[in-house]
Amino acid sequence: MTSFSLLVAALGLGLLSGCDDAPRTPEQAARKVLAEAARPVLDSPAPEFELDRLHGGRFTSAELRGKTTLLNFWAPWCPPCVQELPELSRLHRTIQTDGGQVIGIAMERQEDVQTFLADHPVTYPMLLGGKTGNDLMRRLGNTHGGLPYTVVIDPTGRIRTVHAGLLNEDRARRLFNAAREQ
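Residues numbered from 1 in each chain as written. Predicted model: local features only at pLDDT ≥ 70, side-chain atom pairs only at ≥ 80, totals over all residues. Heavy atoms only, no water.

Caption draft 1: Highlighting the sheet that holds strand β1 (residues 50-53). A sheet is described by the order of its strands in space; here seven strands give the open sequence β2-β1-β5-β4-β3-β6-β7, paired in mixed fashion. With partners counted over all chains shown, the strands left at the sheet margins are β2 (58-60) and β7 (159-164), one partner each. For this sheet the average axis-to-axis angle between neighbouring strands, irrespective of direction, equals 30 degrees. In this sheet, strand β5 (residues 126-128) lies alongside strand β4 (residues 100-106) in parallel orientation, the contact comprising three bridges. Bridging across to β5, A106 finds its partner in L128. Running at roughly 135 degrees to β1, helix α5 (residues 130-139) makes contact with β1, β3 (68-74), β4, β5 and β6 (149-153) of the sheet. (Pairing = 2+ DSSP bridges. Helix = DSSP H or I, 4+ residues; strand = E, 2+ residues; numbered from the N terminus. Axes fitted to C-alpha atoms, helices over the stretch in contact; angles between N-to-C directions. Contact = heavy atoms within 4.5 Å.)

Caption draft 2: Broad picture of the packing of aromatic side chains. Counted according to the given criterion, the structure contains three aromatic pairs. Here the aromatic rings of F73 and Y149 are separated by 6.4 Å at their centres, their planes lie at 45 degrees, and the arrangement is tilted. Of this pair, F73 sits in strand β3 while Y149 sits in strand β6, and the two are 76 residues apart along the sequence. Accessibility assignment for this pair places F73 and Y149 in one class, buried. Where W74 meets F116, the ring centres are 5.8 Å apart and the plane angle is 50 degrees; that geometry is what we call tilted. Here F116 lies in helix α4 (residues 110-119) and W74 lies in strand β3, a separation of 42 residues in the sequence. Across this residue pair, the class does not change: W74 and F116 are buried. (Phe/Tyr/Trp six-rings, centres within 6.5 Å; stacked < 30°, edge-to-face > 60°. Buried < 20%, exposed > 50% of the residue type's maximum accessible area, 1.4 Å probe, protein only.)

Caption draft 3: Representation of unusual backbone geometry in the model. A cis amide bond, omega -5 degrees, links L147 with the succeeding residue P148. Here P148 shows up in the loop between α5 and β6. Phi is positive for D43, close to 70 degrees, though the residue is something other than glycine. Positionally, D43 belongs in the loop between α2 (26-38) and β1.

Caption draft 4: How the structure looks around the state of the cysteines. In the structure shown here, the tally under the stated rule is one disulfide. The disulfide that involves C78 links it to C81, with 2.4 Å between the sulfurs. One quick way to see it: the torsion about the S-S bond of C78 and C81 is about 75 degrees, and its sign makes the bridge right-handed. Across this residue pair, the class does not change: C78 and C81 are buried. (Disulfide = S-S within 2.5 Å.)

From the geometry alone we can't say anything about function, so treat these as descriptive.
Structure (structure tokens):
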């Protein structure tokens, strides 16, 4: 089923149900559908992976162990992704002293990401997604492939929450703290 079909189905169910918690906007409907799609991955172990670092070298999922980690999939051509970069940078600066971290996974070519980040620097590590990143997103519950997409993994390597769409610093901090407290 396509993302559009899922959205139409969610809107139809919400409008027909008459429930107070029914989505009121297309964005709310889409988030509800995405949350349901990601439900099977919650509380499961995060998959093992290896990705290239933006400035060379490899990053392995083993480096996540012992830290609460907010993984953020994004792309330079995605306006909500660009909007949340400074918010996530502020969050990373404050949580890294407590053993937390934000890690960006750019879903674009290395040259394009480097050029973009030269004008929009971030304070957190940046990885290159590529084909492996697309597969990782799906395994982390993002079956629709939309960006931005955020996953919070606890220090034991379990997926605690997922979020599709724009995050601000406050909402990202709440997701992070909830995962850390579980």
